[in-house]
Amino acid sequence: MNVLIVEDSADLADAIQSYLIAFKHQGSIASNLKDAKKHLDAMEYSAIILDINLPDGNGMNLIQHAKRKKYLPAIIITTAKHQIEDRIEGLNMGADDYLTKPYELSELLARINAIQRRLSGNKSIQINDIEINLIAKLVTLDNEPLNLTNKEWLILERLCQTPNHIVNKNQLTDAVYANENFIDSNTLEVHISSLRKKMGPDLIQTIRGLGYRIKTLCE
């Protein structure tokens, strides 16, 4: 899961990022509201860890900003113990959960994992004559199974986590080669080319300079 960490405490933000990476999540850091909006506009995130008290404004403004996007990330707000009204306001505005500072990183991870389970509730994606079953790890074309390599499946699985939204090359590389030391710079493109030959040329789109996306909606 790709997580945006909006936190003005550099030590806490770094600790959260390192902890998430250790458990196979990806984390980007924004220390203020302005940078958080830039991150959100440039990349798709599955979840946001949102500190309400930011140096350049109220973190609630980011919830409003996120609502204007086609793909709304899950949002966990973080507040001080006495900020009960802020927690209520955040939940009413659309936040999914909250944590009271100080909190244990293990509890944060548990909340994120719960969100991930909820987001993966849709186990099957249908695109024209192609069906992608994320649980069975099965892809069919006209009801006939396609033979995908492990790397091809990992690429497809990562793209299906945020359908219709761009996944940059680094995110795809991390998903496919997380446990490998050497990665040929052209290998990812080779696997994507092979997927296109098997599933059709238009399913996986290249967004020049940004990354790739799997298209399930008409534009």
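Residues numbered from 1 in each chain as written. Predicted model: local features only at pLDDT ≥ 70, side-chain atom pairs only at ≥ 80, totals over all residues. Heavy atoms only, no water.

Caption draft 1: How the structure looks around the sheet that holds strand S8 (residues 124-127). Within the open sheet, the four strands sit side by side as S8-S9-S10-S11. Their pairing is antiparallel. Two strands bound the open sheet, and with one partner strand each, they are S8 and strand S11 (144-145). Note: S8 against strand S9 (residues 130-133), four bridges, orientation antiparallel. Of the residues in S9, the one forming a bridge with Ser124 is Asn133. Strand contacts of helix H6 (residues 150-161): S8, S9 and strand S10 (138-141), with the helix running at about 90° to S9, the strand carrying the most contacts. (Pairing = 2+ DSSP bridges. Helix = DSSP H or I, 4+ residues; strand = E, 2+ residues; numbered from the N terminus. Contact = heavy atoms within 4.5 Å. Axes fitted to C-alpha atoms, helices over the stretch in contact; angles between N-to-C directions.)

Caption draft 2: Local environment of the sheet that holds strand S3 (residues 47-51). Pairing in this open sheet of five strands is parallel, and the strands run S2-S1-S3-S6-S7 from one edge to the other. Every other strand in the sheet has two partners, leaving strand S2 (26-30) and strand S7 (97-100) as the edge strands with one partner each. Strand after strand, the sheet turns through a mean of 20° between neighbouring axes, direction not considered. Relative to S2, strand S1 (residues 2-6) is paired through five bridges, and the arrangement is parallel. Across the sheet, residue Val3 finds its bridge partner in S2, namely Gly27.

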